[in-house]
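So you can see what is in the structure, the chains are spelled out below.
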Amino acid sequence: MVDQITAHQLADKLDNDETFTLIDTRPKDSYEAWHVTGAENVSFDPHDGISDDDLDRVNAIADDRPIVTMCGKGLTSTPFTFELEKRGYDDVAVVKGGMEDWSKVYEVVPIDTHDDDLIILQLQRRAKGCLGYLVGSQSSGEAAVIDVTRQTNEFKVAAEERGLTITHALDTHIHADHISGSPRLADALDVPYHLGEQACERDVEYEYEPLDDGDVIEIGAIEIEVLHAPGHTSEMMNFVVNDEAVLTGDTLFVDSVGRTELQFGDADATRGAELLYDTLHDTLLELPDDLQVLPGHVTVTADGRYENGSPGKPINRQLDDLAQHLDVLQLEKEEFVERLTENAPEKPPNYETVIDINTGKEMIEDEKNATELELGPNNCAA
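Residues numbered from 1 in each chain as written. Predicted model: local features only at pLDDT ≥ 70, side-chain atom pairs only at ≥ 80, totals over all residues. Heavy atoms only, no water.

A full pass over the atoms with the stated rule returns 17 salt bridges. With a shortest N-O distance of 2.6 Å, Arg87 and Glu83 are connected by a salt bridge. With a closest N to O distance of 3.1 Å, Arg150 and Glu374 form a salt bridge. Here Arg150 is found in the loop between β9 (142–146) and α6 (152–161), whereas its partner Glu374 is found in helix α13 (residues 367–374), with 224 residues between them in sequence. Classification of Glu374 by relative accessible area gives buried; the value is 1%. A single salt-bridge network, built from bridges that share partners, covers Asp15, Glu107 and Arg126. (Salt bridge = Lys/Arg side-chain N within 4 Å of Asp/Glu carboxyl O. Helix = DSSP H or I, 4+ residues; strand = E, 2+ residues; numbered from the N terminus. Buried < 20%, exposed > 50% of the residue type's maximum accessible area, 1.4 Å probe, protein only.)

Following this line, the structure appears as structure tokens:
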């Protein structure tokens, strides 16, 4: 019987610096595109079996340490583990669900605030770098959730564990890298779902209550002020929470700014970049310097590392720190537009389909297909 561990147990092993060898059995191109930090690649096809060269490779990288294997779903790593056990390896385990389950690992991280009544939780989807939020009032027991991912239970449980009732679900914008869970969660809880008013220009078929610049959502005594922040998308909204934090979606990250051609297209990316420059300099950088910037994503490298920060630790920066030290914010408008339009990174896989799902034009009920659409880290930063 093959020993199994969960993706969460793998995360614990990595975070606790346990000594083991992680072997990824997927084809080389899949491994190179996206894998867990520290994983070594030994591609395996169950039809071909394990070769002497494979065993030599395993011996070299394992060096008598315990072995953990994984693949996309467990379909190749499980028989690979059987093969190793038949050849005398007695400390081998396989990650149940492989990279699919790894893509659903979350950390719930409290954000420090000065207001004892204010609760802000950052929900980090570890493998993709998606960051969602819960903003709640301790005294009223109410909460809003922002940029909910497809695993809506993570947000419901985070609220329930703190005795909070979700009263609003918001999306900063129509996401292109992952399937939003906000409309479905709002429907399940019978609470309002909110998008920016300009979402009407994108033919959104979900029912939503539009938010305009300057609107305020009250969560008990907590105020969430709405800022229209076009650039990454036309309907992008940022949210200022009690003059302590600003949830910037894909407008401003801790290490970059949002790309602009996913909605506007390569031909009209200049317009998006100009809008983003104006949003950054005329809206965000006009806010109080001491606001915490809480972004919608953190950059995850192909080898699974957070490029800035660590899983389970707050991903945030003070606004004046970014204003002074983030190089892209130091550029004049013409240089900024050129930087964003001439050096755009690879687009997120399946982004057009994901946008269609998030506007309600296309439905996806099958868990397997939804997971495959989302596989890989986000590519939302410029």
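We are not done yet, so read on.
Further remarks concern the packing of aromatic side chains. The tally for this structure, following the rule as stated, stands at two aromatic pairs. Measuring from ring centre to ring centre gives 5.2 Å for Phe44 and Phe80, while their planes differ by 65°; the resulting arrangement is edge-to-face. With a gap of 36 residues between them, Phe44 in the loop between β3 (40–41) and α3 (52–62) and Phe80 in helix α4 (residues 77–86) connect regions that are remote in the sequence. Residue classification places Phe80 among the buried positions, given a relative accessible area of 0%. Seen from their ring centres, Tyr277 and Phe336 are 5.4 Å apart, and the 65° between their planes marks the pair as edge-to-face. A residue pair is termed long-range when its members are at least 10 positions apart, and Tyr277 in helix α9 (residues 269–282) and Phe336 in helix α11 (residues 333–342) qualify at 59 residues. Assigned by exposure class, Tyr277 and Phe336 land together as buried. Between the NZ or CZ atom of Lys13 and the centre of the ring of Phe20, over which it lies, the distance is 5.6 Å. (Phe/Tyr/Trp six-rings, centres within 6.5 Å; stacked < 30°, edge-to-face > 60°. Lys NZ or Arg CZ within 6 Å of the ring centre and 35° of its normal.)

The next thing to look at is the sheet that holds strand β5 (residues 92–95). What holds strands together in a sheet is hydrogen bonding between their backbones, with the strands either parallel or antiparallel. As summarised here, the arrangement of the five strands in space is β1-β5-β4-β2-β3, forming an open sheet in which the pairing is parallel. At either margin of the open sheet sits one strand with a lone partner, and together these are β1 (3–5) and β3. The pairing of strand β4 (residues 67–70) with β5 spans three bridges and is parallel. Residue Thr69 lies in a different strand from β5, and its bridge partner there is Val94. Lying on the sheet, α3 is in contact with β2 (21–24), β3 and β4; it crosses β2 at an angle near 145°. With respect to the sheet, α4 is in contact with β2, β4 and β5, its orientation differing from that of β5 by roughly 175°. (Pairing = 2+ DSSP bridges. Contact = heavy atoms within 4.5 Å. Axes fitted to C-alpha atoms, helices over the stretch in contact; angles between N-to-C directions.)

A few words now on the packing of α9 against α11. Look at α9 against α11: their axes get within 9 Å of each other, and the N-to-C directions meet at 130°. Relative to α11, α9 is oriented oblique. Once α9 is placed against α11, the crossing between them reads as right-handed. Contacts between α9 and α11 involve Ala269, Thr270, Ala273, Glu274, Leu276, Tyr277, Asp278 and Leu280 from the first element and Lys333, Phe336, Val337, Leu340 and Thr341 from the second. Partitioning the contact of α9 with α11 into residue classes produces eight nonpolar, two polar and three charged. (Parallel < 35°, antiparallel > 145°, perpendicular 65-115°, else oblique. Left-handed = near helix turned anticlockwise from the far one by under 90°. Nonpolar A, V, L, I, M, F, W, Y, C, P; charged D, E, K, R; others polar.)

On to the side chain of Thr279, then. By the secondary structure assignment, Thr279 is in helix α9. Overall, Thr279 belongs to the buried group, its relative accessible area being 4%. If we ignore the near neighbours within four places in the chain, the residues touching Thr279 are Ala229, Pro230, Thr251 and Leu284.

Gaps left between atoms show up when a probe the size of a water molecule is rolled over them. Evaluated as defined, the whole model comprises two cavities of 30 Å³ or more. Every residue along the wall of the largest cavity is listed here: Ile174, Ala176, Arg202, His232, Thr233, Leu262, Gln263 and Ile355. Its residues assigned to classes, the lining of the largest cavity shows four nonpolar, three polar and one charged. Lining the second largest cavity are Lys128, Asp177, Pro348, Pro349, Leu373, Glu374, Leu375, Gly376, Pro377 and Asn378. Tallied by class, the residues present in the lining of the second largest cavity amount to five nonpolar, two polar and three charged. (1 Å grid on protein atoms, 1.4 Å probe; cavity = no way out; pocket = protein on both sides within 12 Å on 5 of 7 lines; lining within 4 Å. Points joined across faces, edges and corners; volume = space filled by probe spheres on them.)

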